[in-house]
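A look at the structure
Residue-level listing of the chains:
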Amino acid sequence: TFVAVGYNGFIATSQDGVSWTTESSGVKGDIFNVSWLFNQLLAVGANGVTLSSATGTTWKTVNNGATNSLYAATGATNTAIVVGSDELLLEKTNSWTDQINSRLSSGAPDWDYYSALWTTNPAKSFVVCGQTGMELIGANTNGTISWHSPTDTVRSWLWQAAWLSNT
């Protein structure tokens, strides 16, 4: 199934990429991204809108605590990350935590993040990118995600990143 999202809560599905059916999202805000996270679709957008669906036709609101715009989502089984304007939220087994949090020993900086991806490298880490070339790597250490920024990053705004077999 193909899924497209957009302006004013727009969601459409297609079986062939040619004929499309408009679906009800139940929201009025713009939806910026939709991702398949192993067993569900996760759509994110303006004002912290987060929706999930198993099929793309029926959507439910996800309460993750986001209030600012969200631009990307990624994840693995029982784990998800959503990122946006001053937002980086981690979901593990149905519980969301703010990763931009001074109480975390290795929390993420308060930033605008535009891209998120899950790598299948041996470290099984998250990578998030954003404004002014910010790049963070989140590695799972004893059940906690520790965030760090590489010392040599690109210093241009990063809108999207992709993982391709060890690259």
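One can find the structure itself at the top, above this paragraph.
Because the structure is a prediction, the values reported are computed rather than measured.

Let us look at the sheet that holds strand β12 (residues 113-118). If you trace the 4 strands from one edge of the open sheet to the other, you get β12-β13-β14-β15, paired in antiparallel fashion. Only two strands of the sheet have a single neighbouring strand rather than two, namely β12 and β15 (144-148). In this sheet, neighbouring strand axes are inclined to one another by 20° on average, regardless of whether the strands run parallel or antiparallel. As judged from the 4 bridges shared by strand β13 (residues 126-130) and strand β14 (residues 135-141), these two strands associate in the antiparallel manner. Across the sheet, the residue bridging to Val127 is Ile137, located in β14.

Quick look at unusual backbone geometry now. At Phe38, a residue that is not glycine, the phi angle is positive and equals roughly 70°. Positive phi is not limited to glycine here, since Thr132 has a value of about 50°. Topologically, Thr132 is positioned in the loop between β13 and β14. Residue Thr132 is classed as partly exposed on the basis of its relative accessible area, which comes to 33%.

In this structure, Ile81, Val83, Leu88, Tyr113, Val128, Leu136 and Trp147 are the most contacted members of the largest nonpolar core, which totals 17 residues. Those elements that place two or more of their residues in this core are β8 (70-76), β9 (79-84), β10 (87-92), β12, β13 and β15. Per element, the largest residue contribution to this core is 3 residues, and it comes from β12. Setting aside residues no more than four positions away along its own chain, Ile81 makes contact with Ala72, Ala73, Thr74, Leu88, Leu89, Leu90, Ala116, Phe126, Val128 and Trp147. In terms of nonpolar packing, the next biggest core, distinct from the first, is built from 11 residues, Val44, Leu70, Ala80 and Leu89 among them.

Spatially, 4 strands are ordered β8-β9-β10-β11 in an open sheet, and the strand pairing comes out antiparallel. What marks the edges here is a single partner per strand, and that holds for β8 and β11 (95-98). The mean inter-strand angle of the sheet, taken between neighbouring strand axes irrespective of direction, is 20°. As defined by bridge partners, β9 adjoins β10 across 6 bridges and the pair is classed as antiparallel. Looking at the pairing, Thr79 lines up with Lys92 of β10.

Scoring rules and cut-offs
Each chain has its residues counted from 1, following the order in which its sequence is written. It should be noted that, the model being predicted, local features are given only for residues of pLDDT at least 70 and side-chain atom pairs only at 80 or more, the latter also being counted only at that level, while totals for whole chains, interfaces and linings use all residues. Excluded from the side-chain calculation are hydrogens and water; included are all heavy atoms of the structure. Here the rule is simple: two strands pair whenever DSSP picks up at least two bridges between them. Secondary structure follows DSSP: runs of H or I at least 4 residues long count as helices, runs of E at least 2 residues long count as strands, and numbering of each begins at the N terminus. Each axis is a line fitted through C-alpha atoms, and for a helix only the stretch in contact is used; angles between axes span 0 to 180 degrees, taken between their N-to-C directions. Between buried and exposed lies partly exposed: a residue is buried under 20% and exposed over 50% of the maximum accessible area for its type, with that area taken using a 1.4 Å probe on protein chains only. Within this scheme, the nonpolar core is defined by two criteria: the residues are buried Ala, Val, Leu, Ile, Met, Phe, Trp, Tyr or Cys, and they are joined through side-chain atoms within 4.5 Å. By definition in these notes, contact holds between two residues if any of their heavy atoms fall within 4.5 Å.

Any functional reading would require information that these geometric values do not contain.
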